[in-house]
Amino acid sequence: MLADSDEAAELASEYLSRGLVGQGSRADAQHVALATVAQADILVSWNFKHIVNVGRIRRFHAVNIELGYGTPEIRTPLEALDYEKEL
């Protein structure tokens, strides 16, 4: 669990001001911002509309790079699983 921070709130506001997600999706912007500020390796979500889709991922990453942040991998839970398939 990540605690809210002023830095993450500012980054989320930046995502909103640039139209990455709509104002009604502040929680989604906050989710990405918290992972970014915490330097998480991966953000796992089922939210295909606002988070886990190629167009949005590229836009989140572009803003992060512009502002000097890293770019966490954004994946579905199935993509994040590490398992071995039996032969």
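Cut-offs and rules
- Residues numbered from 1 in each chain as written.
- Predicted model: local features only at pLDDT ≥ 70, side-chain atom pairs only at ≥ 80, totals over all residues.
- Heavy atoms only, no water.
- Phe/Tyr/Trp six-rings, centres within 6.5 Å; stacked < 30°, edge-to-face > 60°.
- Helix = DSSP H or I, 4+ residues; strand = E, 2+ residues; numbered from the N terminus.
- Buried < 20%, exposed > 50% of the residue type's maximum accessible area, 1.4 Å probe, protein only.
- Salt bridge = Lys/Arg side-chain N within 4 Å of Asp/Glu carboxyl O.
- Expected span 1.5 Å × (residues − 1).
- Arc of directions from axis to C-beta.
- Contact = heavy atoms within 4.5 Å.

Trainee: Explain the packing of aromatic side chains to me, and be specific about the residues and the numbers.
Mentor: Across all of its chains, the model carries 2 aromatic pairs by this definition. Taken together, a centroid distance of 4.8 Å and an interplanar angle of 75° make the contact between Tyr15 and Phe60 edge-to-face. Taken together, the positions of Tyr15 in helix α1 (residues 6-17) and Phe60 in helix α3 (residues 54-66) put the pair 45 residues apart, joining distant regions of the chain. For the residue pair Tyr15 and Phe60, the accessibility class agrees, reading buried in each case. Measuring from ring centre to ring centre gives 6.2 Å for Trp46 and Phe48, while their planes differ by 65°; the resulting arrangement is edge-to-face. With a relative accessible area of 44%, Phe48 lands in the partly exposed category.

Trainee: Would you mind going over the pattern of salt bridges in detail, with residue names and values included?
Mentor: Tallied over the entire structure, the rule returns 3 salt bridges. Ionic pairing is found between Glu14 and Arg18, a salt bridge with its closest N-O pair at 2.6 Å. Take Arg18: its relative accessible area is 32%, and that puts it in the partly exposed class. Residue Arg75 pairs with Glu73 through a salt bridge whose shortest N-O separation is 2.5 Å.

Trainee: Could you give me a rundown of α3, with the residues and numbers involved?
Mentor: Given 3.6 residues to a turn, an α-helix orients residues that are three or four positions apart in the same direction. Under the 1.5 Å per step criterion, the end-to-end length of α3 is 18 Å for 13 residues, consistent within 8% with the ideal 18 Å. The complete set of buried residues in α3 reads Ile57, Phe60, His61, Val63 and Asn64. End-on view of α3: buried residues confined to an arc of 160°, all on one side of the axis. In α3, the exposed positions angled more than 90 degrees off the buried face are occupied by Val54, Arg58, Ile65 and Glu66. In this fold, the buried residues of α3 make contact with α1, α2 (26-37) and β2 (73-75). One or two residues past the end of α3 sits Gly68, with phi positive at roughly 85°.

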